[in-house]
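# Structural description and commentary
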Amino acid sequence: MFYQNGTLSDTSMKPYTPPACSFSDYLEAAAVLRQVSSVTYRDDADGQQTVQAKVVDIYAADGADWCKLDNGTVIRLDHIEQFNDIQNSVAET
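The written sequence of each chain sets the order in which its residues are numbered from 1. Per-residue local features of the predicted model are confined to residues with pLDDT of at least 70, and side-chain atom pairs are confined, for both listing and counting, to 80 or more; whole-chain, interface and lining totals are unaffected and use all residues. Calculation of side-chain values draws on the structure's entire complement of heavy atoms; hydrogens and water are dropped beforehand.

## A closer look at the environment of threonine 17
Which entries qualify depends on this criterion: The helix and strand labels rest on DSSP assignments: H or I over at least four residues marks a helix, E over at least two residues marks a strand, and numbering proceeds from the N terminus.
Within the element layout of this structure, threonine 17 appears in the loop between β2 (7–9) and α1 (21–33). Separated by 59 residues in the primary sequence, threonine 17 and arginine 76 have C-alpha atoms spaced 9.8 Å apart.

Below you can see the structure in the form of structure tokens.
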């Protein structure tokens, strides 16, 4: 489940599995530093997407944690596979 350009995309209603705190910490640090980062995630068609963007917010809603990017994309954290060179060990495959 993620938002892209303001549109909710949800074809998988899999239970949310939170990432390790250290993974969330990397996302939060990038947001504070306003770094352009590489984010690889699974989209609603189970395709892999990689974008270069700034993390603008990390927040909890609807029983999950979310990452909002400066391009308008909002990604559930367990759908992020890799952030820069850091692998998310709980990313759905």
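## Re the nonpolar core
Side chains of a nonpolar character, in soluble globular proteins, are inclined to be buried together. Under the convention used in this document: What makes a nonpolar core is a set of buried Ala, Val, Leu, Ile, Met, Phe, Trp, Tyr and Cys residues whose side-chain atoms join them at distances within 4.5 Å. Burial classification: accessible surface area is computed with a 1.4 Å probe over protein chains only, and a residue below 20% of its type maximum counts as buried, one above 50% as exposed, and the rest as partly exposed. Residue contacts are counted whenever heavy atoms from the two residues lie within 4.5 Å of one another.
Grouped together as the largest cluster of nonpolar side chains are 20 residues, with contacts concentrated most on Leu27, Val39, Val55, Cys67, Leu69, Ile80 and Phe83. Elements represented by at least two residues in this core include exactly α1, β3 (36–42), β4 (48–61), β5 (64–69), β6 (74–76) and β7 (80–83). Beyond its immediate chain neighbours, meaning those up to four positions away, valine 39 contacts Gln49, Thr50, Val51, Leu69, Ile75, Ile80, Gln82 and Phe83.

## Some words on the pairing of β7
Keep this limit in mind: What makes two strands pair is DSSP finding at least two bridges between them.
Here β3 runs beside β7; their pairing, made up of three bridges, is antiparallel. In the strand pairing of β7, valine 39 is matched with phenylalanine 83. Both β7 and strand β8 (residues 86–87) contribute to a ladder of two bridges, which runs antiparallel. Following the sheet pairing, phenylalanine 83 is matched in β8 by isoleucine 86. Two successive antiparallel strands, β7 and β8, enclose a turn made up of two residues, where asparagine 84 displays a positive phi of approximately 55°.

## Details of unusual backbone geometry
Unlike most non-glycine residues, arginine 34 shows phi in positive territory, near 55°. Among the structural elements, arginine 34 can be located in the loop between α1 and β3. Residue arginine 34 is classed as exposed on the basis of its relative accessible area of 65%. We note that aspartate 46 has phi near 60°; this positive angle belongs to a residue other than glycine. Turning to its location among the elements, aspartate 46 is positioned in the loop between β3 and β4.

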